[in-house]
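Observations on the three-dimensional arrangement
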Amino acid sequence: MINRKIGFIGAGKMGSALMQGIIKAGIVPPENIGASDVYEPFLKELQTKLGIRVSTDNAVIVRESDILILAVKPQTLGSVLENLRDDITPEKLVISIAAGVPLSTYEGALLEGTRVVRVMPNIAATVSEAASGISPGKYATPEDMKDALTIFSAVGTAVQVPESLMDAVTGLSGSGPAFIFPVIEAMADGAVLVGMDRKSALTLSAQTVLGAAKMALETGMHPGELKDMVTSPAGTTIQGVHALEEAGIRAAFMNAVIRASERSKELGKK
């Protein structure tokens, strides 16, 4: 439990997913969560569904909250910070999930001494399976980091990383689900090609990816060791692994993460 009020500036997909995860995990009661957004009908829907406080005025939620989660798009962040500068006092903890925006942006725009934590979650927060990287600003305390880790662990797994690696986090786990969805679809396509119906193929493909990931996380074994557990000499699996290696699967995934990371770095400079 966190004995403080949490306010969300922005209540889109990621923001609402975090609210649901926080409430489900019992971190704070619904009445201690507030949210602001420009789209009032969606706010009213969240209020009815979750029992949270809502407002179309960002400043109202800021003043009522101890922890602020900035869940707005990077392109609107500048104006949001400018408008809220006097309301975000150093007593409040600011957590931002805006992709590619460095801590220096917040620390330069807000009052001196404002505690900021930068987080890069991913879309799997919507099913409480996010992978989040968390970096502290220069004024953030160990207690602030503990609170941030508690909040984002409620919707998946969260790890602390230096800010210099946040672009890598963006390229790996931030963009990563989009790299895996085509894999699920392609594996299902292969099963359809050899006679399986589409629904069954997609179900088995997605569950296979989920099961493999769970084995890697829960056993702590190296992926290569886990692969060897499945591949018998001259068997079916090693034939499939050989086909993947012929197609350059490792280089393809490495390049996807590298290019997404580089793009994150470029966006952070704008």
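In the block above lies the structure referred to throughout.
Here the structure is a predicted model, which means the values were calculated and not measured.

**Let's talk about the nonpolar core**
In this structure, Phe8, Met19, Ile95, Val117, Ile151 and Phe152 are the most contacted members of the largest nonpolar core, which totals 37 residues. The element best represented in this core is helix H1 (residues 13-24), accounting for 5 residues. Every residue in contact with methionine 19, bar those within four places of it in the chain, is listed here: Phe8, Gly10, Ala11, Ile33, Ala35, Leu46, Leu50 and Ile52. Core analysis: the second largest hydrophobic core is formed by 19 residues, Leu68, Leu77, Leu103 and Leu110 among them.

**Considerations on the pairing of strand E5 (residues 93-96)**
Covered by surrounding structure in E5 are Leu93 and Ile95 together with Val94 and Ser96, the residues of both alternating faces. As paired elements, strand E4 (residues 67-70) and E5 share 4 bridges and run parallel to each other. Along E5, the bridge assignment pairs isoleucine 67 with leucine 93. Examined bridge by bridge, E5 and strand E6 (residues 115-120) share 4 bridges and lie parallel to one another. Note on E6: the bridge partner recorded for leucine 93 is arginine 115. In this fold, E5 hands off to helix H5 (residues 103-109), which returns the chain to E6; that crossover is right-handed.

**Considerations on the side chain of aspartate 167**
Of note, aspartate 167 is situated in helix H7 (residues 166-174). Among buried charged residues, aspartate 167 stands out as having no salt bridge; its nearest opposite-charge side chain is arginine 118, 4.4 Å away. Side-chain polar atoms of aspartate 167 contact the backbone nitrogen of lysine 265, separated by 3.5 Å. Excluding its chain neighbours within four sequence positions, the residues that come into contact with aspartate 167 are Arg118, Ser261, Ser264 and Lys265.

**Topic: helix H12 (residues 249-268)**
Over its 20 residues, H12 extends 29 Å from the first C-alpha to the last, a length consistent with the 28 Å expected when each residue adds 1.5 Å. Of all the positions in H12, only Ala260, Ser261 and Ser264 are classed as buried. The arc that holds the buried residues of H12, viewed along the axis, is 100°, so those residues lie on one side. The elements touched by buried residues of H12 are H7 and helix H8 (176-193).

Parameters at a glance
Residues numbered from 1 in each chain as written. Predicted model: local features only at pLDDT ≥ 70, side-chain atom pairs only at ≥ 80, totals over all residues. Heavy atoms only, no water. Core = buried A, V, L, I, M, F, W, Y, C linked by side-chain atoms within 4.5 Å. Buried < 20%, exposed > 50% of the residue type's maximum accessible area, 1.4 Å probe, protein only. Helix = DSSP H or I, 4+ residues; strand = E, 2+ residues; numbered from the N terminus. Contact = heavy atoms within 4.5 Å. Pairing = 2+ DSSP bridges. Right-handed = clockwise from strand over helix to strand, strands pointing away. Lys, Arg positive; Asp, Glu negative; His and termini not counted. Salt bridge = Lys/Arg side-chain N within 4 Å of Asp/Glu carboxyl O. Polar contact = N/O pair within 3.5 Å; in protein donor to acceptor, adjacent residues only side chain to side chain. Expected span 1.5 Å × (residues − 1). Arc of directions from axis to C-beta.

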